[in-house]
Amino acid sequence: MGKPAKIFIVLLGIMLLFTVISRSAASFTVAQVCVEQPQARKIEHKVTGDGTIEKLLDQAVYAPADILVAKVNVRKGQNVKKGQTLAVLDMDSLKDKIRTLSDDIEILQLQNDALLSAEAKKNSDRNQAVARAKEDYRDTVRNNADAVRDANKEVKDTKTRLCREQARAYEKKLEELQTAVKEAKKTYDDAIEQQKTEEQQARRAVEDAAKTPVSDYSDTITQIEIDQKQRKLDAAQKKLDALTKQKDEIQKSMDRLNAQKAQLEKAFAQEKDEAQKQNLKTGIASLESQISALTAQRDSYAGQWENQCDTVLDLKDELATEKLRQQAKKNEASSQEADRRQTLARAQEDYENVVGKNERLVSEAEQKWKESKCTLQAFVQGEDEEPQDTSAAENAKKAVKTAQKQQKQQNKEAKRALADAAEIEAKDNSAEINAVTITQKQQQLATLQKVKASRGKVKAQMSGVVSSVQLTVGEKTTDTAAFLLADTSGGLRFTTQVSREDAVYVDSGDTVALKAGDRTWEDMTVLSTETEEDHTVKVTVYVPKKTISLGANASMELCKTSEEYSVTLPITAIHSEKDKYFVYTMEKADTVLGGAYVAKKTNVTIAEKNGEYAAMKDGDLSSGDAVIVDSDAILSAGENVRLQES
């Protein structure tokens, strides 16, 4: 074997050695990861809380507020069973309340859209103002620097001219005339620059005046409010018609009974038989009793009828006022549009005046420049010399000082204008406040939808005796308890506090488990949930007698399971950035060191999650993807990874 072949073999061995060393070194620096494939599973939510076993006092039964009561099925002192219907709400009133809440939510959403649009326009205007201020600042600095430089040059030229005391008068006059030509040329240039600046400012004023204001949806909101008042008026008129009909029917019954009474009284006066007269007297007394009862009922309905008439008139007045306010807004909008058009016309007129004025100034400066050149040419052809004048040097020095002072002042003003344009206004939190209000109203709407689904029924949450009835047929519900139920079974209650987020999964009637000591009781029933002032939610659970002792400490656990999702992952696989979620998948890639695995970033949409697992919407991932659920280092997209060693 020759020497070249041996050298080649040695080099090949060295290369192989370096390759092995490089791959080994790379393996120590590559992040080690654990992967899992997406699996189908249900998301389980657990709500827990600690509390104490207490006496079970009166249990309040609530109904949604401001809903007409159609029927009350129980009375005070009546025994009721768990799940029994206590009252039925009027479905039309319930639907009206649902529509009103939906309209309120829509109005708040429209207001938020208007706020966001106004904020975007404000930011755009501020950015435009900053850009213009920067441009004006640069122009001011540049123009003032030119002015100072020109003034300094003028001083230098003037000193040079005065130092030539022995120069001929011809040369001095020639320099003066040349200087006059330069000054005339500078005046001409300044006039052109002023023409550009003022025309640009006037053109911007026309552009600003031509901008159309952003709609604030006030017309739509006003119309929605008018529609709401119209629906309230129709409902009130409907109730008034019903009361009128009932009042007329009572009057007819009274007239009929009075006629019967008159007949019996006539027969009584003509009857000779005492037994028959006694029967007629009993009949007359019965009719008088019925007439008295109807009279009381008629007077009761008369009061309700008068109150309802007042309600209808008030609603008509409110509707008329709202329509007048709507027309006033339209008139105001027309007036504002007319003012905007007038402003635009004035801005266009000002622009035309600025253009004409600057054209005249430029023409005059150009004419003076030509005249100075003619004067210079005439002097060169034979004019006499004039005595030397040193006042020009003093004037030039003054011009330098004036230019420097003007430069400092104008630069300062332009810098202040730039700082004012860049100043950020205080943040308006109206959109966030509206968002919180929307969430609250959506929760109210969800509660009303549940009542609607149960056909307006208000049911008992436990067995007991009705100790108080606060509902009246034909009147509206309030925020206070509709019924109070007293426990007759000798049971107790368990209370605990849970967060507002966990309370979403707790409803009255749910079954929970209670643990006290070493024993656990299943199938305990949630009586009620109440939001406290600190925004936590108080959960009350019914504890049957002979189960847990009074005063004992206990813990509650409630489990609710979602529908099955086809794609779920451990919560450790989920990452977030700017309110968006993503995962890293491990995929094979070719590198300079051969085949390797890299982390690929994949955006996902979370459908539901708990403390252990998260469910993704279909389409984001497939069941065969290798998703990274754990790593010994912080990952980034495209970074090399390898599986953790067992």
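Before reading further, recall that the structure is shown in the block above.
Report on the accompanying structure. Note that this is a predicted model, so its numbers are computed, not measured.

When the terminal C-alpha atoms of helix H4 (residues 218-270) are compared, their 78 Å separation across 53 residues agrees well with the 78 Å that a helix rising 1.5 Å per residue should span. Residues of H4 that are buried include every one of Ile 221, Thr 222, Ile 224, Ile 226, Gln 228, Leu 233, Ala 236, Leu 240, Leu 243, Ile 250, Met 254 and Leu 257, and no others.

Residues Val 80, Leu 86, Leu 94, Val 458, Phe 483 and Leu 485 are the most contacted members of the largest nonpolar core, which totals 30 residues. Residue assignment for this core shows that the elements contributing at least two residues are strand E6 (85-89), helix H2 (91-163), helix H7 (430-453) and strand E9 (483-486). The greatest single-element share of this core, amounting to six residues, is contributed by H2. By size, the runner-up hydrophobic cluster in this structure holds 21 residues, among which are Ala 516, Met 524, Val 537 and Ala 554.

On to the sheet that holds strand E8 (residues 464-469), then. Sheet strands line up and pair through hydrogen bonds in the backbone, either parallel or antiparallel. Spatially, E3-E9-E8-E5 is the arrangement adopted by the four strands of the open sheet, whose pairing is antiparallel. Of all the strands in the sheet, just strand E3 (59-61) and strand E5 (79-80) have a single pairing partner and so form its edges. Sheet topology note: the E5/E8 ladder contains two bridges and is antiparallel. Looking at E8, one finds that Val 80 is bridged to Gly 464.

The next point concerns the packing of H4 against helix H5 (residues 274-380). Put simply, H4 and H5 touch, their axes get as near as 7 Å, and they point 160 degrees apart. Taken together, the axis directions place H4 and H5 in an arrangement best described as roughly antiparallel. Between H4 and H5 lies a crossing of left-handed hand. Considering only residue class, the contact of H4 with H5 consists of 23 nonpolar, 18 polar and 16 charged.

Before going further, it helps to examine the side chain of Thr 525. By secondary structure assignment, the location of Thr 525 is in strand E12 (residues 519-531). By relative accessible area, Thr 525 is classed as buried at 12%. For Thr 525, the residues in contact, after removing those within four places along its chain, are Lys 82, Gly 509, Asp 510, Thr 540, Val 541 and Tyr 542.

Spatially, three strands are ordered E4-E6-E7 in an open sheet, and the strand pairing comes out antiparallel. The open sheet is flanked by strand E4 (69-72) and strand E7 (457-459), the only strands paired with a single partner. If you compare each strand with its neighbour and ignore which way they point, the axes differ by 25 degrees on average. The sheet contact formed by E6 and E7 spans three bridges and is antiparallel. Following the sheet pairing, Ala 87 is matched in E7 by Val 458.

Attention now goes to unusual backbone geometry. Residues other than glycine seldom take positive phi values, yet Arg 455 does so here, at roughly 60 degrees. Examined against the element boundaries, Arg 455 turns out to sit in the loop between H7 and E7. With a phi close to 60 degrees, Asp 523 is a non-glycine residue in the positive phi region. With respect to the helices, strands and loops of the structure, Asp 523 is situated in strand E12.

Let us look at a nonpolar patch on the surface. On the surface, a cluster of nonpolar side chains totalling about 350 Å² of accessible area is made up of Ile 7, Val 10, Leu 11 and Ile 14. By the secondary structure assignment, Ile 7 is in helix H1 (residues 3-29).

We now examine a positive patch on the surface. A cluster of like positive charges, contributed by Lys 159, Lys 397, Lys 398 and Lys 401, occupies part of the molecular surface. The element that contributes the greatest number of residues to the positive patch is helix H6 (residues 391-422), accounting for three residues. Assignment of secondary structure puts Lys 398 in helix H6. Take Lys 398: its relative accessible area is 53%, and that puts it in the exposed class.

Turning to the environment of Tyr 613, a few remarks are in order. Along the chain, the position of Tyr 613 falls in strand E19 (residues 613-616). Note: C-alpha distance between Tyr 613 and Lys 42 (571 residues apart in sequence) is 9.2 Å. Aside from chain neighbours lying at most four places away, what touches Tyr 613 is Arg 41, Ile 43, Leu 569, Pro 570 and Ile 571.

Here we take up the pattern of salt bridges. Oppositely charged side chains can pair when the atoms bearing their charge come close. A full pass over the atoms with the stated rule returns 25 salt bridges. One salt bridge in this structure joins Lys 560 and Asp 507, with 3.6 Å as the shortest N-O distance. Of this pair, Lys 560 sits in strand E14 (residues 553-570) while Asp 507 sits in the loop between helix H8 (500-503) and strand E11 (511-516), and the two are 53 residues apart along the sequence. Where Glu 587 meets Lys 600, a salt bridge forms, and the shortest distance between an N and an O atom there is 3.9 Å. Within this pair, whereas Glu 587 is found in strand E16 (residues 580-591), its partner Lys 600 is found in strand E17 (residues 594-604), the two being separated by 13 residues in sequence. Overall, Glu 587 belongs to the partly exposed group, its relative accessible area being 33%.

The rules behind the values
Residues numbered from 1 in each chain as written. Predicted model: local features only at pLDDT ≥ 70, side-chain atom pairs only at ≥ 80, totals over all residues. Heavy atoms only, no water. Helix = DSSP H or I, 4+ residues; strand = E, 2+ residues; numbered from the N terminus. Expected span 1.5 Å × (residues − 1). Buried < 20%, exposed > 50% of the residue type's maximum accessible area, 1.4 Å probe, protein only. Core = buried A, V, L, I, M, F, W, Y, C linked by side-chain atoms within 4.5 Å. Pairing = 2+ DSSP bridges. Axes fitted to C-alpha atoms, helices over the stretch in contact; angles between N-to-C directions. Parallel < 35°, antiparallel > 145°, perpendicular 65-115°, else oblique. Left-handed = near helix turned anticlockwise from the far one by under 90°. Nonpolar A, V, L, I, M, F, W, Y, C, P; charged D, E, K, R; others polar. Contact = heavy atoms within 4.5 Å. Patch = residues over 30% accessible without salt bridge, like charges linked within 9 Å, V, L, I, M, F, W, Y side chains within 5 Å. Areas by Shrake-Rupley, 256 points an atom, 1.4 Å probe, with all protein chains shown as cover. Salt bridge = Lys/Arg side-chain N within 4 Å of Asp/Glu carboxyl O. Lys, Arg positive; Asp, Glu negative; His and termini not counted. Charge placed at Lys NZ, Arg CZ, Asp CG, Glu CD.

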